[in-house]
Amino acid sequence: MTHNIATLLILIFSLVGIFVGVLLNRAADNLPPPARRSFLETPRCPYCNSPRPPGEQFGIVSFALRRDKCHQCSAPLKLRAPLVELGTGALFGFLASRFEFGMYLLALAFFTAILILIAVIDLEHKLILNTVSLPATIAALIASPVVLASPNGALNQLNWNLIILSALGAAVGYAITFGIYWLGVLFLQIVNRNRATKIDTVAFGMGDVKLAGLLGALVGFPTIISVLVWTILLGGVGGALIIVFQYVRRGSFARDTVMPYALYLILAGWAYMVFRF
Ligand SMILES: [Zn+2]
């Protein structure tokens, strides 16, 4: 009996995740430039600017019915929409299978959704929006007595000192990545001195710095330090794989390939929150 209830909860939570995925797609369509619309506005087709009817806002539905083109200009809809819906549903289901239903699960699901949104916008625009990362950091500080407590702890044992660890985590996250950002700028000035075509991408951008602050608030101090070490390790492995892949495909590699550090940061931070390694 309890087993059935647990399965039902996982199923319900997965469905909630799919619906959250619809909202994430809406945010990823509306918030970034050049659109810069409010989340509440109806998303529009980037080609003909006509508002999306409800059927086009549900990725799984529109792709399943093969109506994956804009009704006005027949520009293809992004495959991202059903992928984000399915991915969010799967992750929410996974979280519900791992943690008891309660404050911790709800908080973790909320921040999982925020991190998915940041990852999607960063993949599509190479941009981390302040309008997402800064409110999320404040939410992480407020939620830290839940997020940094033991996963299945009861509400009456809230430890408010955890807010201090969360704030310290954010501060250390900002400080270390800002240091790396500053070193990157310095490195570029030296490299560009003798280059005809200037490189203008730094390893860690200011968006990554703000993301590291958010993750610091989420995992707290001193864990943020191991999350950053993991990020750099993942970045090294990922970078090596990208170079090997480019070399196999083209016989050469672009020396100034941009590293998707935001994705590695999100991966390392989220993995800590879920697995507490
Ligand atoms: Zn259109």
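### Let's talk about the nonpolar core
Consideration 1: Residues Leu-95, Leu-115, Ile-118, Leu-211, Leu-214 and Met-273 are the most contacted members of the largest nonpolar core, which totals 53 residues.
Consideration 2: Looking at this core, the elements with two or more residues in it are helix H1 (2-30), helix H4 (80-98), helix H5 (103-125), helix H6 (130-147), helix H7 (162-192), helix H8 (206-219), helix H9 (223-250) and helix H10 (261-275).
Consideration 3: For this core, the leading source of residues is H5, giving 15 residues.
Consideration 4: Looking at which domains feed residues into this core, each of domain 1 (1-98) and domain 2 (100-277) supplies at least three.
Consideration 5: Look past the residues within four positions of Met-273 in its chain and what remains in contact with it is Tyr-104, Leu-108, Leu-115, Val-147, Leu-218 and Val-219.

### A few points about the coordination of the zinc ion
Consideration 1: Those protein atoms acting as donors to the zinc ion are Cys-45 (SG), Cys-48 (SG), Cys-70 (SG) and Cys-73 (SG), and they sit at 2.3 Å.
Consideration 2: For the zinc ion, the four donor atoms in the first shell make angles of 107 to 112° at the metal, a pattern classed as tetrahedral.
Consideration 3: Going along the chain, you hit the donors of the zinc ion in the pattern C-x2-C-x21-C-x2-C. Taken together, the residues span a long stretch of sequence, with Cys-48 in the loop between H1 and helix H2 (54-57) and Cys-73 in the loop between helix H3 (59-64) and H4 at a distance of 25 residues.
Consideration 4: Residue Cys-48 is classed as partly exposed on the basis of its relative accessible area of 30%.

### Remarks on the pattern of salt bridges
Consideration 1: Following the criterion strictly, the structure yields four salt bridges and no others.
Consideration 2: In this structure, the salt-bridge partner of Asp-29 is Arg-80, at a minimum N-O distance of 2.9 Å. In this pair, Asp-29 sits in helix H1 while Arg-80 sits in helix H4, placing the two residues 51 residues apart along the sequence.
Consideration 3: Asp-29 gets classed as partly exposed once you look at its relative accessible area, which sits at 27%.
Consideration 4: For Arg-80, a relative accessible area of 11% gives the class buried.
Consideration 5: Put simply, Glu-124 and Lys-78 hold a salt bridge, and the shortest N to O gap is 3.6 Å. Here Lys-78 lies in the loop between H3 and H4 and Glu-124 lies in helix H5, a separation of 46 residues in the sequence.
Consideration 6: For Glu-124, a relative accessible area of 31% corresponds to the partly exposed category.
Consideration 7: Three or more residues are tied together by salt bridges with common partners; here these are Asp-29, Lys-78, Arg-80 and Glu-124.

### Side note on the packing of aromatic side chains
Consideration 1: For the structure on display, the rule yields eight aromatic pairs.
Consideration 2: Ring geometry for Phe-178 and Tyr-181: centres 5.7 Å apart, planes at 35°, overall tilted. Here the residue Phe-178 and the residue Tyr-181 both occupy positions in helix H7, the gap between them amounting to three residues, near one helical turn.
Consideration 3: Here Tyr-181 falls in the partly exposed class, since its relative accessible area comes to 22%.

### Things to note about unusual backbone geometry
Comment: phi is negative for the bulk of residues other than glycine, and the bulk of peptide bonds are trans.
Consideration 1: Cis geometry is adopted by the peptide bond preceding Pro-34, which originates at Pro-33 and carries an omega value of 5°.
Consideration 2: You can see Pro-34 is positioned in the loop between H1 and H2.
Consideration 3: Here the residue pair Phe-221 and Pro-222 is connected by a cis peptide bond, since its omega of 5° sits within 30 degrees of zero.
Consideration 4: Here Pro-222 is to be found in the loop between H8 and H9.
Consideration 5: The phi torsion at Arg-36 lies on the positive side, around 50°, for a residue other than glycine.

Reading the values: rules and limits
- Residues numbered from 1 in each chain as written.
- Predicted model: local features only at pLDDT ≥ 70, side-chain atom pairs only at ≥ 80, totals over all residues.
- Heavy atoms only, no water.
- Core = buried A, V, L, I, M, F, W, Y, C linked by side-chain atoms within 4.5 Å.
- Buried < 20%, exposed > 50% of the residue type's maximum accessible area, 1.4 Å probe, protein only.
- Helix = DSSP H or I, 4+ residues; strand = E, 2+ residues; numbered from the N terminus.
- Domains from an automatic or database assignment.
- Contact = heavy atoms within 4.5 Å.
- Donors = N, O, S within 2.8 Å, 3.2 Å for Na, K, Ca; no water.
- Tetrahedral: all angles 85-135°; square planar, octahedral: opposite > 155°, others 65-115°.
- Salt bridge = Lys/Arg side-chain N within 4 Å of Asp/Glu carboxyl O.
- Phe/Tyr/Trp six-rings, centres within 6.5 Å; stacked < 30°, edge-to-face > 60°.

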